[in-house]
Structures are given as structure tokens and as C-alpha cells.
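If you want the building blocks of each chain, they are given just below.
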Amino acid sequence: GSLTESLPFEGNMFDFILCSETLEHLDKLDFALSELSRVLKAGGRLLVTVPNFTRLSFEYLREIFFEKDPTHIHRHSLCKWKSVLSGHFSVKKVFTSSFHSSYILYMLGLNDNSTLNTEGLIKRIPLLGALGRECVFLLEKNI
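Residues numbered from 1 in each chain as written. Predicted model: local features only at pLDDT ≥ 70, side-chain atom pairs only at ≥ 80, totals over all residues. Heavy atoms only, no water.

Turning to a nonpolar patch on the surface, a few remarks are in order. Together, Ile64, Phe65 and Phe66 make up a nonpolar patch on the protein surface, roughly 400 Å² of accessible area in all. Mapping Phe65 onto the fold places it in helix H2 (residues 58-65). For Phe65, a relative accessible area of 62% translates into the label exposed. (Patch = residues over 30% accessible without salt bridge, like charges linked within 9 Å, V, L, I, M, F, W, Y side chains within 5 Å. Areas by Shrake-Rupley, 256 points an atom, 1.4 Å probe, with all protein chains shown as cover. Salt bridge = Lys/Arg side-chain N within 4 Å of Asp/Glu carboxyl O. Helix = DSSP H or I, 4+ residues; strand = E, 2+ residues; numbered from the N terminus. Buried < 20%, exposed > 50% of the residue type's maximum accessible area, 1.4 Å probe, protein only.)

Grouped together as the largest cluster of nonpolar side chains are 23 residues, with contacts concentrated most on Leu23, Leu33, Leu36, Leu46, Val48 and Phe137. Mapped onto this core, the elements with two or more residues apiece are strand E1 (14-20), helix H1 (29-39), strand E2 (40-51), helix H3 (78-86) and strand E4 (134-140). Tallying contributions element by element places H1 first for this core, with five residues. In contact with Val48, not counting residues within four places along its chain, are Cys19, Leu23, Leu85, Cys135, Val136, Phe137 and Leu139. (Core = buried A, V, L, I, M, F, W, Y, C linked by side-chain atoms within 4.5 Å. Contact = heavy atoms within 4.5 Å.)

A word on the pattern of salt bridges. Per the stated rule, a full pass over the model turns up eight salt bridges. One salt bridge in this structure joins Arg38 and Glu35, with 2.9 Å as the shortest N-O distance. Placement of the pair is Arg38 and Glu35 together in helix H1, with a separation of three residues, close to one helical turn. As a salt-bridge pair, Glu140 and Lys92 come within 3.9 Å of each other at their nearest N and O atoms. Within this pair, whereas Glu140 is found in strand E4, its partner Lys92 is found in strand E3 (residues 90-97), the two being separated by 48 residues in sequence.

What follows is about the confidence of the model for the chain. Residues of the chain with pLDDT of at least 70 account for 77%, and the chain-wide mean is 84. Mean pLDDT across the elements of the chain ranges from a minimum in helix H4 (residues 102-108), with 45, to a maximum in H1, with 97. Residue range residues 100-108 is modelled with pLDDT below 50. Its contacts to residues more than four positions away, or to other chains, number nine contacts. (pLDDT = per-residue confidence, 0-100.)

The buried count for E4 comes to six of seven residues, which makes it a mostly enclosed element. Of the strand pairs in this sheet, E2 and E4 are connected by seven bridges, and their pairing is antiparallel. What sits directly across from Val50, in E4, is Cys135. Across seven bridges, the pairing between E3 and E4 is antiparallel. Counted as the bridge partner of Ser90 is Glu140 from E4. (Pairing = 2+ DSSP bridges.)

Tracing the backbone shows Glu5 in the segment before E1. Among the residues examined, Glu5 registers a relative accessible area of 46% and is labelled partly exposed.

Structural data, given as C-alpha cells:
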């Protein structure tokens, strides 16, 4: 099923749902979040990843200096995504990920542990910790 229409599942069916790089493309965002909540069991968890358009984040700068992705309907900051998602779920954990494009890392041959260590180091600096390429949210359906 698509998140633009009712999902073909009974309510309260899933313990865990992964929704990765999807919500930013949907014109009916509230409907999609309501559907995800409907099919998730009480206390169930939802892991969401969306692009981070916080000013100075990788995605924000990429669209300024290169071209905008026309399929990105929602270009929200980390704080805005948190606000939108918390209207439907309890937010358990929030962080950003992938300071470097994995494609660029692959092309440069840098996709090894040193890259992960660099990303971990960057995340320890509070200001930089909010500027990662993707927002990652661990959410829970309210009981």
C-alpha cells in the first residue's frame, strides 16, 4: 500500500515500522502519519528518516548550491520535523546522521571505519550535531 491512501492492514497490527526517506515526498503528510499510527500497536515503535533542512545542514546547502529535488514537498528543519511527528507520536530519540553523502564516500574510497569515527566526533559538538544530512527519529505510539 501507499501512504497516500489507507494502508491495507488491520489497526494495531505492527510492533515496529521503518519509514525511511518517504515522508518528505507526501502531499498528505498528516494522513500518512495517521495511517502509520493506526496500524502500529500501542507502545509500538516507528523509525523515521527524513532529509534535514536545518540552515547550514548538508541538505540545505546542497539545494542552495546545486539543484533542488522537485520531489521534496516538505523541506523541514530538525525542529520542525520533531514538531510535526510529535503531533502523532511520542518522540523517544532524535539525532542526525550521514554528514557525508555515502555516494561521495564510495567514490572517494572512504567508506571505512575512519569515516564513522569522524561522524561520531562531529556529533559530539552540539551545534554540528544538528546539521547532519538526515534526521532520524525513534517514535512510539501513545498507549
